[in-house]
Amino acid sequence: MHQRSRFDSVREFIVEKTVLLSGLASIVFVLLIFVFLLKEGLRTFGIVSLEDFLLGRKWYPISSPPKFGILPLIGGTLAVTVGATLLSVPFGIASAFYIAEVAGPRMKEMLKTGIELLAAIPSVVIGFLGMVIVAPFIGDLFDLPTGQTALSGAVMLSLMAMPTIVSIAEDAITAIPGKYREAALALGATRWEYICRIAVRAAAPGIVAAVMLGIGRVIGETMAVMMITGNSAQIPHSLLQPVRTMTATIAAEMGETVPGGDHYAALFAIGLVLFVITFFVNLVADVFLHKDRGTVQ
Amino acid sequence: MTTSSTSPAIETRDLNLYYGSFQALIDVNMVIQPRRITGLIGPSGCGKSTLLRSLNRMNDLIPNVRVYGEIRVFDHNVCDDKTDLVGLRKRVGMVFQRPNPFPLSIYENVVFAARVHKTAKGSDFDDVVERCLSSVLLWEDLKDRLGKSALELSLEQQQRLCIARLLAVMPDILLMDEPCSAMDPASTQGLEELIARLKEEYTIVIVTHNMQQAARVSDDCGFMLLGEMVEFRLTDEMFKIPQDERTRDYVTGRYG
């Protein structure tokens, strides 16, 4: 008996500490990544000022002298992100409401499985489909010299943001206490009036979080955009122009740089900018997710 | 029975209700007169809430419910599939066991029905809010903070707000499902006084597990047991000279 309980307490100790370490590991990794980005990226600002870097209109990293202005890249990311958000948010939220409030049990199961499958498609496959089908279609539709545009990227990325938006928004809607629906129906409201007037507001924090996480997904996506947005580092004036995003720039150019060189450092600095953007997007999402738990008991 | 010239507000005829294979109501017959308070009492699981919830078809929300027989509300059979549920629920409103104000402002809670049913617009909303909150004696307390969230109110205030929200629909019948069960004694007394006041304008059916409450507030009373309406009569008679042995045992506290 005595031996046994001692063994148990040792095992307990080991299990507890292992779990603690696993938990801490994620924080340590984030910090290490951030430190590494800082170490490699900050050197850029000895070559070019922060202002010239963020607002410079020319990205010519291998001309001499090189120009490291990432405004066209920020513009490219912005164009693709805004386009994808405009497409995926209305559809995503509508389908979340359909799944949570309207669909019958079988339809619900089918749709949720479908959404999960959509999330499971590798981004390179999405990019491939975009390159072969969507980009030529958009080129023909708008009579453009090339279909590889911000719009093509936005269309494909909206598909990738959808699963995130739908599943998180659907969770938020499903978590609305049933007593609100009961109250609304007992007051003679229809299901539609309940959804528009009560459910939307009761689930609003979760829906905002879903949208932010969907945006985070789009900003960080690399492979698909690299394949279908045309990779042209100019400041876009419409969604029908080729663009190049920050992520695609890093992925496309990192292989050609000299490790430790100026170009190399500049790419890390882009990574730093991306990190800061996604950090804030996720922070906003997190604030809203917790707000959700705070107000709706 | 009372011999009244007015037609009944609610009448059930051989009402049988099943949840799947479980029979929750067995041949329930009752007549509820307008502008009276009818109490439904009985031990837990006797079917009194089920009966109440079938009167405005809230049982429709539960899967596998089957209803046989008739429920006549102002002489219309509401068990019919073609029943206009929105119209029915506008006439027959419900107050729930736990207060369930919407997570909106006090003001928006009260005008919800007016917005949905488009019975008021523009500045009329202010009148609706004042009228309904006054009816439940909340106006003086809340008139300066109508924009605050309804979830910040005390439980009693929340329940009063739910009644006010319901009055905005301008119903004829109020169904109350143990409206005081989440309240402390002082709040219960306040709500009972309110219910007595509302009798002047509304027909009220109140389910309660609290016999004293039924004795205090109701005019007529039904005692239910295992899905059956054992006895339905004037409340005074029910508690003084119950006819059925099971009723006598219940009101004298032998079980329940």
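From a predicted model like this one, the values you see are computed outputs, not experimental measurements.

**Describing the overall build of chain A**
Moving on, step 1. Secondary structure assignment for chain A yields 13 helices and two strands.
Moving on, step 2. Principal-axis analysis of the C-alpha atoms gives chain A an extent of 70 × 70 × 35 Å.
Moving on, step 3. Looking at the 297 residues of chain A, the share that counts as buried comes to 43%.
Moving on, step 4. A separation of at least 24 residues holds for 72% of the contacts in chain A among residues at least 6 apart in sequence.
Moving on, step 5. On chain A, roughly 15,700 Å² of surface is accessible, and the fraction owed to carbon and sulfur atoms is 70%.
Moving on, step 6. Charged side chains of chain A number 21 positive and 21 negative; the gap between the two group centres comes to 5 Å.

**Some details on the interface of chain B and chain A**
Moving on, step 1. Each partner contributes residues to the interface: chain B has 24 residues there, and chain A has 18 residues.
Moving on, step 2. Buried area between chain B and chain A, both sides added, is near 1,900 Å², and the carbon and sulfur share of it is 69%.
Moving on, step 3. There are one salt bridge connecting chain B and chain A.
Moving on, step 4. If you look at where chain B meets chain A, you find three residue pairs in polar contact (both at pLDDT 80 or more).
Moving on, step 5. Contributing elements (two or more residues each) for the side of chain B that touches chain A: α2 (85-91), β6 (92-95), α3 (106-117) and α6 (155-167) of chain B.
Moving on, step 6. Residue contributions to the side of chain B that touches chain A peak at five residues, all from α3 of chain B.
Moving on, step 7. Grouping the amino acids of the side of chain B that touches chain A by side-chain chemistry returns 15 nonpolar, four polar and five charged.

**Regarding the side chain of His117 of chain B**
Moving on, step 1. Relative to the helices and strands, His117 of chain B resides in helix α3.
Moving on, step 2. Within the structure, His117 of chain B has its side chain in polar contact with the backbone oxygen of Leu187 of chain A (distance 2.8 Å).
Moving on, step 3. Setting aside chain neighbours within four positions, we find His117 of chain B in contact with Leu187, Gly188 and Ala189 of chain A together with Val86, Lys90 and Val169 of chain B.

**Thoughts on the pairing of strand β3 (residues 37-41) of chain B**
Residue and element names in this part refer to chain B.
Moving on, step 1. Across the five residues of β3, five count as buried, placing the element largely inside the fold.
Moving on, step 2. Side-chain alternation along β3 places Ile37, Gly39 and Ile41 on one buried face and Thr38 and Leu40 on a second face that is also buried.
Moving on, step 3. Both β3 and strand β8 (residues 203-207) contribute to a ladder of four bridges, which runs parallel. Bridge pairing in β8 places Gly39 opposite Ile206.
Moving on, step 4. The pairing of β3 with strand β9 (residues 220-225) spans four bridges and is parallel. The partner of Gly39 across the bridge, within β9, is Cys221.

**Brief notes about unusual backbone geometry**
Moving on, step 1. For the bond from Ser64 of chain A to Pro65 of chain A, the omega torsion is 0°, close enough to zero to count as cis.
Moving on, step 2. Relative to the assigned elements, Pro65 of chain A resides in the loop between β1 (59-60) and β2 (67-68).
Moving on, step 3. Even without being a glycine, Leu226 of chain B presents a positive backbone phi close to 50°.
Moving on, step 4. Counting through the fold element by element, Leu226 of chain B comes out in the loop between β9 and β10 (228-234).
Moving on, step 5. Owing to a relative accessible area of 66%, Leu226 of chain B belongs among the exposed residues under this scheme.

**Digging into helix α8 (residues 178-186) of chain A**
Moving on, step 1. Those residues of α8 of chain A lying buried are Tyr180, Glu182, Ala183, Ala184, Leu185 and Ala186 of chain A.
Moving on, step 2. Looking at the buried residues of α8 of chain A, the elements they touch are α9 (191-202) of chain A together with α1 (48-55), α2, β6, α3 and α6 of chain B.
Moving on, step 3. One or two residues past the end of α8 of chain A sits Gly188 of chain A, with phi positive at roughly 85°.

**Examining the packing of aromatic side chains**
Note on aromatic pairs: each is described by the distance of the centres and the angle between the planes.
Residue and element names in this part refer to chain A.
Moving on, step 1. According to the stated counting rule, one finds nine aromatic pairs over all chains in the structure shown.
Moving on, step 2. Between Phe36 and Phe268 the ring centres are 5.5 Å apart and the planes differ by 85°, which places this aromatic pair in the edge-to-face class. Placement of Phe36 in helix α1 (residues 2-41) and of Phe268 in helix α13 (residues 262-295) is noted, with a sequence separation of 232 residues between them.
Moving on, step 3. Under the relative-accessibility criterion, Phe36 is labelled partly exposed at 41%.

**Concerning the environment of Pro177 of chain A**
Moving on, step 1. Here Pro177 of chain A is to be found in the loop between α7 (150-174) and α8.
Moving on, step 2. Along the sequence, Pro177 of chain A and Leu117 of chain A sit 60 residues apart, while their C-alpha atoms lie 29 Å from each other.

**Regarding the environment of Arg98 of chain B**
Moving on, step 1. Inspection of the secondary structure puts Arg98 of chain B in the loop between β6 and α3.
Moving on, step 2. C-alpha separation for the pair Arg98 of chain B and Leu17 of chain B, spaced 81 residues apart in sequence, amounts to 24 Å.

**Re the nonpolar core**
Moving on, step 1. Counting 107 residues, the largest nonpolar core has Ile270 of chain A together with Phe102, Leu133, Ile163, Met176 and Leu198 of chain B as the members making the most contacts within it.
Moving on, step 2. Among the elements that take part in this core, α7 of chain A stands out by supplying 11 residues, more than any other.
Moving on, step 3. Setting aside residues up to four positions removed in sequence, Ile163 of chain B forms contacts with Val95, Val136, Met176, Leu191, Leu194 and Leu198 of chain B.
Moving on, step 4. Membership of the second largest hydrophobic core comes to 30 residues, among which are Leu15, Met58, Val92 and Met94 of chain B.

About the thresholds
Residues numbered from 1 in each chain as written. Chains lettered and ligands numbered in written order. Predicted model: local features only at pLDDT ≥ 70, side-chain atom pairs only at ≥ 80, totals over all residues. Heavy atoms only, no water. Helix = DSSP H or I, 4+ residues; strand = E, 2+ residues; numbered from the N terminus. Buried < 20%, exposed > 50% of the residue type's maximum accessible area, 1.4 Å probe, protein only. Contact = heavy atoms within 4.5 Å. Areas by Shrake-Rupley, 256 points an atom, 1.4 Å probe, with all protein chains shown as cover. Lys, Arg positive; Asp, Glu negative; His and termini not counted. Charge placed at Lys NZ, Arg CZ, Asp CG, Glu CD. Buried area = accessible area lost by both parts, 1.4 Å probe. Salt bridge = Lys/Arg side-chain N within 4 Å of Asp/Glu carboxyl O. Polar contact = N/O pair within 3.5 Å; in protein donor to acceptor, adjacent residues only side chain to side chain. Nonpolar A, V, L, I, M, F, W, Y, C, P; charged D, E, K, R; others polar. Pairing = 2+ DSSP bridges. Phe/Tyr/Trp six-rings, centres within 6.5 Å; stacked < 30°, edge-to-face > 60°. Core = buried A, V, L, I, M, F, W, Y, C linked by side-chain atoms within 4.5 Å.

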